[in-house]
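Listed here are the chains, written in short residue letters.
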Amino acid sequence: MAGNVLVLAECVKGQFSEFTYELLVLGREVAGQLGASVAAVLLGHNTRELAVALGSVESVICVEHPALAEPGPEVSARALAQLLQQQTPQCLLIPLTNLSLDLGALLAAQLQA
């Protein structure tokens, strides 16, 4: 999966936000320009069955842990930092919503970027 464009799928109470689908479209455009593929990242607990609702994305990376059952920026940033160190994507697209507002800064701090 090195070099993919990753898109964070924002899911609350079993439903993906409209921003998730918009970012998947943007992710496809960016990936097309980079000659890469798109992978959605789904953080949560017992969420694998939700992956089919993401549509025609090339792949879904499910990061499962009980601590991710309720979305929180600190736990999500730690999980994403570990994933980014393993996957080495070309970029990660994060929706800018109330749920993920602090996530980018926390993730940068986790990665010392």
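Above this text is the structure in question.
Everything in this summary refers to the structure shown in the same document. It should be emphasised that the depicted structure is a prediction, and the values quoted were computed from it without experimental measurement.

**Examining helix α2 (residues 73-87)**
For α2, spanning 15 residues, the distance from its first C-alpha to its last is 20 Å, which sits close to the expected 21 Å at 1.5 Å a residue. For α2, the full list of buried residues reads Ser76, Ala77, Ala79, Leu80, Ala81, Leu83, Leu84 and Gln87. On its buried face, α2 is in contact with β1 (5-9), β4 (38-44), β5 (59-64), β6 (91-93) and α3 (103-111). Following α2 by one or two positions, Thr88 adopts a phi angle in the positive range, close to 45 degrees.

**Thoughts on unusual backbone geometry**
Backbone geometry at Asn46 places phi at a positive 60 degrees, although glycine is not the residue there. Within the secondary structure, Asn46 is located in the loop between β4 and β5. Taking the relative accessible area as the measure of exposure, Asn46 reaches 51% and is therefore exposed. The residue Gln112 is not glycine, and still its phi comes out positive at about 55 degrees. In this structure, Gln112 sits in the segment after α3. Gln112 gets classed as exposed once you look at its relative accessible area, which sits at 76%.

The rules we used
Residues numbered from 1 in each chain as written. Predicted model: local features only at pLDDT ≥ 70, side-chain atom pairs only at ≥ 80, totals over all residues. Heavy atoms only, no water. Helix = DSSP H or I, 4+ residues; strand = E, 2+ residues; numbered from the N terminus. Expected span 1.5 Å × (residues − 1). Buried < 20%, exposed > 50% of the residue type's maximum accessible area, 1.4 Å probe, protein only. Contact = heavy atoms within 4.5 Å.

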